Each structure stands twice: as structure tokens, then as C-alpha cells.
Amino acid sequence: MGMCFSYGNRLLQRQVARLNRVRTIALIGAGTMGIGIGLDLLNKTACAITFIDIADAALERAQKEIAAYADGLVAGGRMLPEDRDAYLSRVRYTSDYASLKEAQIVWEIATERLDIKKAIFAQIEKHADLDQLVFVFSNTSSHTTEELAVLFQDRFLRDRFLTGHGYFPFHLNRLFDVMRGKYASEETFIAGVAFAEQILEKKTMAMVSDHHGYIADPIFQGMGAIVSWDVRTGQDIIDLASVFAMITANPFQVLDRTGHMPYTESGHHLGTALPADDRLRSIYDQDGRHYPQWIGDLEMAGRTGIASPAREGFFKWEGKSGREKPVLVYDPTKGEYVPYTEPDAAAYWSLAGANALDHRNAAIKSIDGLIHIAEAEDMGGKTFRRYVLPIMLYGLDLVQDGYASAGDVNSATKVGLRFKNGLIEIIDGFIRHFGIDGLLALMRRAAADNPDRAALYDVDGSIGPRKGKPCLLHTLRKNGRTTLFGYGRIYGTPVSQYNVVTGTMEPYYNDLRFVYPNRKDRVASVIFDNPLRGNVWNRYTLDQLDHAIGVSMELYEKGLLGAIIFTASGVNMRMLGADARQFNRGWFDANAGYQFLGEEDASWFTRAGMRLFRFIQESPIWTIGVFGEKWGGGAEFTYFLNQRFDVISHGVEFDTLSREMVRRERKNYNQPELEYAILAGFGGVQELRRLGMGDSVIDELFLQGMTGTRAYQVGLSNGVGDDEHALLEKAYEIARLRQKYAAPYSVALYEQQKARAFRHGIDDEALVRETGETFNPDVNPYVSTGLLRLLNMGGKNPPMDPTPRGVLPGWTNTYAQLF
């Protein structure tokens, strides 16, 4: 959103004010990651960006790439030519560290080497203005926050220091890590997490305790390292890593895209610094080396990936920038690049079997396919058990040792490492198939088959780094758990996670954020939080929203919640409609075209959505939506809310009359279904009619779209503004005041009367009956307190107890029976 909002969180309020005053961010390091961060900040904030690098070539490359990016925006019609110069003028390129004095946030993205970081930190210490500094981030793939914080002599800077780590490509990867460590204050940590979540718009892993490489990096590093020691030929880089390609991508191709330096420097550090009980420590320390000689040879030769001059790394790459394809693979034995083929079908038949299984089940990279490979006796099964099972156990270790929750591990792998199914989802799938005892047996079988690495598969706490620590599977069995996740009622996707410390289930939402209400305000917030996908409706979103409403109803029944703010993260707070892939059988293939899902399956998406949205609409909880651009089902959802507030934004669009690109107010309400031969499947037409819109207004919205300004004119929007923070603040205050004295009985009756008037028209007799009942304390247990406030206005009156009591008119909490 380019700014922060507290959502009623008292601890966050002061840090929000400081973050919203940030005007300059300094980035130390103008390499690939630094450029990605700079572009992301340019697109998401109005801040000035200062690149600092001692290498003129790096600064020149950064300036060239950012200018080329801006040219691409202009060529693609997303920026007017006259806006290009203003965009680029916000960036400064310098080798002078004295420019740090202007920055409110300093972000080091230069290197993994401690000696270089120490020199950089000395410059920060010398030049940063401590009076205005909010925090210092250091990007690292392997160091802990404590290891780096002690490089500062000034204790104030240790207090303001965090490690903050993004993933390649930064502006297209949603994962971000913030690690507090030993020295950072709570205020600094809160500010860093808020910056990552709300300004960078990332799925943020907020880690209080230090862990080498956070969550995703040691998993990804391990995927490459565990295979690398077995590589002898170029074809091995393809064949041995093929099991990981069935989960996400070949890790060596990914490393070529990110560059080898972070991998090799992290390998060196992890080989010396990992704690004694880390399961994977041995793969960074073999034969006196932290990574194989052949990877060191590539680095010495400057063959470090796509960004190297010859575009060589583990593969040789060709093609346009950003669309490179591997054409040859490096052969360590020959020391040259050679042709390669897909894994031999006779030796790796289980991979083909998994793909065929997915095709029959209209799936891709499914858990069932992985199970098929894991059970096989071919090379696919052997490599899966040798390489993938230790990574699965490592994910469980992170949860067991308290570094991460099950949800953290799942999101880190799904969002950051692009796993088709998150690692914990995979583990849960294996438990469902094998049972806990069967999965333990599979691990022991892998240990027997791989005696050179037996400690990697230890599940009983008998050997190696995990000696004395039986794996988490034993704890789950002891506690009667068969999965680490709880799964949704609509589509069976993850919605809750098992807390191994308390033994309770807690919400887990990968695509939403739920902010609990404070006791005074009683206002919860639901933030649709997948901006890279446009906050679309899909199976995951429906399951997560359903669960969040269930949590809300529990709080309502206890008198702890009276209103919900719904909004979206991302620039312009955009909310899209249903993901069209929900209605295509299997993974969409343009060559195959649309594959009919079947009427029953296709209609279930509407049936489930309408049940949930109607329940929200008819509940006594006051609901307010604060959004910007809304499309299809994203717009329709807001029609079910009590109030709608619209963020006004302007963008570049093609004007069909003048035949040129123009800047104008974006349309906040868009129902484009008629253009795609589909329908408004979340009840848009009937809900607009319920809201009092006539045919001409509905036609206008469906045929032309509607700006927020126009929606306010016709009464669809309750308020507009171009300041996102001010609009959220206004909506929150309305929600807070709206339910402060609102008696559940009167709210329920109010909602009943609205519904009756729309469906049946005027009913005076019902009104007469309701009046008598409302003033009867035996029917309405709130009337005595409410009338006392009215009759004794200005006097000292008892507070209204907002806990639902008795029978509420026209409404029963049927949440448990919805699905």
C-alpha cells in the first residue's frame, strides 16, 4: 500500500507514524538483488532511493537497468513518457557514504563476507543520522542477526539493527524474512515487520530467534548442496535434481539465475557456524570442503550464472534478457559444457508415472505423484529418498526446535521457493498415505539404503546431530495428531496449524492476514494479502476466509468483536475476481484450450461463496470494506458488506476516442464478465439491485466500469479519498463507534428489517409486533441498559454488555452448519 496502518494494534501505532514519515531509503550494494529492491521500492513508495556502491561499474549497471525498466513501462503503456524522468529522478547513484545522513532506512545488500560487512557497518556508524534512523537492514543468506549486530560498536545501532532478507527476483517474489536476534529492540522489530508486510507487501517470516539462513534459505541451500556432492557428469545435474523439479524447479537452474556467490559464501559460513544439532550440517563439511571442488572451479572461472559475461554457470544460457533458456550443461569431469537430455525414462520411470497420474487427476506436481515416486524402486525413488526425505525432516526440525511454526515452513517453501505444495502440506500428505509409523519406516529404509549419510535420516534420535532428539513425528503420534495442519471445510486447503508447544490449533492463512480486535475497540481486520496475484478468489482464499469468519464468530459470541474491516494489501489495494483456472479441468494449457470442469464442480464455487458471503451479510457483525480497484468477484464481495469506502487512484489507460494513452481516475468497480462469455457468479446483479441501484446504473457498471467518484455519486460508495491511511483510519473509526454501544438484539433486528423490506416490501404489522418485543426486557435483555443511557443522558450509566444473550431476532449463528 506504500504506507502502514495499525489496525488497532497499540504497539504498532507509534512505529506506523515513523514509517509513514520515511522519505529516503539508502541501499548499499547495486548488484542484482539491490537493483530488484530498488525497483520494488520505486514502484511501491514515493521515497527517494540512494544506491551506494564503491564499484562504478555496479552503479552504471544499476542505472542502466532501472532506466531500461522505466522505458519498458512506457513502451508497455503503464507509464506516460512525461512521467519517466520524474520516476528516474527519485534515484541517486553514488560511492559517497556521506549520503547516508539523509536516509531514514539503511539497507545493506552488498555481500556475505564478514570483513566487507564490517567495513560497511563502520561507514553506517560514521554517517547515518541516528536521530531519524528507523532501522538498518542487512541482507544475508546465512549469518544470524547477532553475528552481524556485534560488528557495530554503537549500541544504539545494535538496537536498530535487523536482518531483512528477500528472494530473487525481489520484485516478483513475495517472501521476506525479518530476524530480530539478541540486540534489536521490540520497537525496531515491530517497525521492520510492518515495513515488510505493509510497504514491501511481502509474506513476512517474523523470526524472534536467530537461525542461520532463516527458513527458506537453508532448505533451498540444502536442496542444492545435498545433490552437489554426487554430481560427476553434466547429465547428473539434470537427473539427480529431477526429483526437486517435481516439487518446484531444478535448484541449479535457480542458482544460475540468482548468481552463485550467495550460495558459495553461505556454504562456507554454514560449514563452520551451524549449531551441533543441525541435521544438514554435514553437507556443508565434507572432505575439508564446504562445497564440491567443481563448484569452486566454476566460481574461479567467473562462471557464476546468467549475469556472468558469458552467461555461463551450471548451465550455458541463451536468449533475450529475462527470457533466457539453458542450452548446455556443465560437465565437471570434462570441464566443459555438453548437451543434455531429460532423465532416462527406463531408469526414472516413476517420474513419468507421476506425470501420468497428475494428468489423469487433472493436477500438476501433486503430492500423490510425489508419493508414487517415493515408493518406487527405480532411480526416481532412490534419488527421492536420498535427497528429498532429509529436506522433509529438516522442515520438521525447524518446527520442533522452535525456530518456525508449521505455517512458516509451509509459506516459506510455497511462496519463496515456489513449491507447488508447501513442505508441510507434502509432509501431511505423506502422513495421510503412509501413517506416522509408515513414514518413520520409509525414513529408516532410506537410512539403510544410504549408509554414507545415515545421520541425515535419523528419526529416533540415535545417531548424528539429532542424537537425543527423536523427530517431531514421534511427538505427533504421542499427542494423537495425524497432520500438522487443519484443513478447510470448502476445498480442504490449509487453514490452521498445530502449535507443538501448547498442543492447540491456531489460524494459518497464506493468502490473508487476520488482525485480532483489541478489547476496547472490538474491531477485527481481514486483509486479502496476495497482491502479486491481485488478491484473487480461489480455493485457498475461500477456505481461509471461511475459517477467519469462524474465528470472528467465536469472538463475537464472547462479546469481543463487533465489527470487521475488510481490505487488501498492494498498490491501490486491488481486489480481483475468481481465478478463472478454478473453472478449468486441470492445469490450463493454451494448446488444449478450455477443459470443462462439469456443471456440479463449476457451480460449487458460486454455491460456497454465496453461502459464506450471505452469512457475513446477514450476521449482526458490522462490516466495512476499504478497497481500491475491484474486478469481478472482488467487487461483488463488497456488495455484501454494510459499507464501502473507495481509494481513488489515477493510472495510465488507453483512450479509445483519442487513440492515445492518458492519465485518469481508475475505475474502482469493474464487472467485465460479459466480455468473457461468463457471468457475475457471486450475485453482482441481484446485490446491486438490493443496494438500490437501478437498471441504468447497473448497466453502466457492467458495460463501462465505475470510478470511486462516480460510485459515491450514485450511492454505491460511502466515502472516497486518495489517502489510503486516512481512508482506513476513517473506516476503522466508524466501525469502532458503530459497535461501541450497539446492542446485539437491535443490530440483528435492523439486519432482519432490511432483508424483509427488500424481499417482501412494507410490513407494518411486523413492525408493530417488533416494537412491543423490543421494549420487553424479557425478550430484549439489552433494552434496560440502552434506555437508561437515553433517559439519563449525561449521567453515569452502566456500560452495555455486548455479549449476545437470548434469542436474536431473525438470526441464529448457523456458521457450523454452513458446510
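Use the structure listed above.
Because the structure is predicted, anything quoted here is derived from the model rather than measured. (Residues numbered from 1 in each chain as written. Predicted model: local features only at pLDDT ≥ 70, side-chain atom pairs only at ≥ 80, totals over all residues. Heavy atoms only, no water.)

Participant: Just give me the short version of the overall build of the protein, but keep the residues and values in it.
Facilitator: A tally of regular secondary structure across the protein gives 30 helices and 25 strands. Against the globule reference of 28 Å for 819 residues, the protein gives a C-alpha radius of gyration of 28 Å, in line with a compact fold. Expressed as lengths along the three principal axes of its C-alpha atoms, the size of the protein is roughly 90 × 60 × 60 Å. Taken over 819 residues, the protein has a buried fraction of 57%. At a minimum sequence separation of 6, the contacts of the protein that also span at least 24 residues come to 69%. Total accessible area on the protein stands at roughly 34,000 Å², and carbon and sulfur atoms take up 52% of it. Of the charged side chains in the protein, 90 are positive and 101 negative; the average position of the first set lies 3 Å away from that of the second. (Helix = DSSP H or I, 4+ residues; strand = E, 2+ residues; numbered from the N terminus. Rg over C-alpha atoms; globule rule 2.2 N^0.38 Å. Buried < 20%, exposed > 50% of the residue type's maximum accessible area, 1.4 Å probe, protein only. Contact = heavy atoms within 4.5 Å. Areas by Shrake-Rupley, 256 points an atom, 1.4 Å probe, with all protein chains shown as cover. Lys, Arg positive; Asp, Glu negative; His and termini not counted. Charge placed at Lys NZ, Arg CZ, Asp CG, Glu CD.)

Participant: Before we move on, can you summarise the environment of Gly 313 with the specific residues and values?
Facilitator: For Gly 313, the position within the fold is in the loop between helix H14 (293–300) and strand S9 (315–318). According to the relative accessible area criterion, Gly 313 is buried, its value standing at 0%. Between the alpha carbons of Gly 313 and Tyr 337 there is a distance of 9.5 Å; along the sequence they are 24 residues apart. Residues contacting Gly 313, with those up to four places away along its chain left out, are Asp 256, His 260, Leu 298, Arg 303, Thr 304, Gly 305, Tyr 330 and Tyr 337.

Participant: So what's going on with the sheet that holds strand S10 (residues 325–331)? Residues and values would help.
Facilitator: Spatially, S9-S10-S11 is the arrangement adopted by the 3 strands of the open sheet, whose pairing is antiparallel. At either end of the open sheet lies a strand with only one pairing partner, and these are S9 and strand S11 (336–338). On average, adjacent strands in this sheet sit at an angle of 40° to one another, irrespective of strand direction. (Pairing = 2+ DSSP bridges. Axes fitted to C-alpha atoms, helices over the stretch in contact; angles between N-to-C directions.)

Participant: Would you mind going over helix H5 (residues 114–127) in detail, with residue names and values included?
Facilitator: For an α-helix, the turn length of 3.6 residues means that residues three or four places apart are oriented alike. The terminal C-alpha atoms of H5 lie 20 Å apart, and with 14 residues this matches the ideal 20 Å at 1.5 Å per residue to within 8%. Of all the residues in H5, the buried ones are Lys 117, Ile 120, Phe 121 and Ile 124. In an axial view of H5, the angular spread of the buried residues amounts to 105°, which keeps them on one side of the axis. (Expected span 1.5 Å × (residues − 1). Arc of directions from axis to C-beta.)

Participant: Describe the packing of aromatic side chains, listing the residues and the values that go with them.
Facilitator: As enumerated under the stated definition, the model contains 45 aromatic pairs in all. Geometrically, the ring pair formed by Trp 107 and Phe 195 is edge-to-face, given 6.3 Å between the ring centres and 70° between the ring planes. Pair noted here: Trp 107 is in strand S4 (residues 105–108) and Phe 195 is in helix H8 (residues 186–199), with a separation of 88 residues, a long-range link. A relative accessible area of 0% means that Trp 107 is categorised as buried. Measuring from centroid to centroid gives 5.6 Å for Trp 294 and Phe 314, while their planes differ by 70°, and the two rings are edge-to-face. (Phe/Tyr/Trp six-rings, centres within 6.5 Å; stacked < 30°, edge-to-face > 60°.)

Participant: So what's going on with the sheet that holds strand S19 (residues 630–631)? Residues and values would help.
Facilitator: Taken together, the 3 strands give an open sheet; going across it, the order is S19-S23-S24, and neighbouring strands pair in mixed fashion. A single partner strand is all that each edge strand has here, and the edge strands are S19 and strand S24 (706–707). Where S19 lies against strand S23 (residues 667–670), 2 bridges are found, and the strand directions are parallel. From the neighbouring strand, Lys 630 faces S23, where its bridge partner is Tyr 669.

Participant: Residue-level account of the pattern of salt bridges, with values.
Facilitator: Tallied over the entire structure, the rule returns 45 salt bridges. The salt bridge partner of Glu 201 is Lys 44, with a shortest N-O separation of 3.9 Å. In this pair, Glu 201 is assigned in the loop between H8 and strand S8 (203–207) and Lys 44 in helix H2 (residues 32–44), connecting sequence segments 157 residues apart. Its salt-bridge partner being Arg 663, residue Asp 83 comes within 2.4 Å of it at the nearest N-O pair. Residue Asp 83 is located in helix H4 (residues 81–89), and its partner Arg 663 is located in strand S22 (residues 660–665); the two are separated by 580 residues in the primary sequence. One connected set of salt bridges, linked through shared partners, spans Asp 277, Arg 279, Asp 397, Asp 401, Arg 466 and Lys 469. (Salt bridge = Lys/Arg side-chain N within 4 Å of Asp/Glu carboxyl O.)

The values are spatial; any link to function lies outside them.
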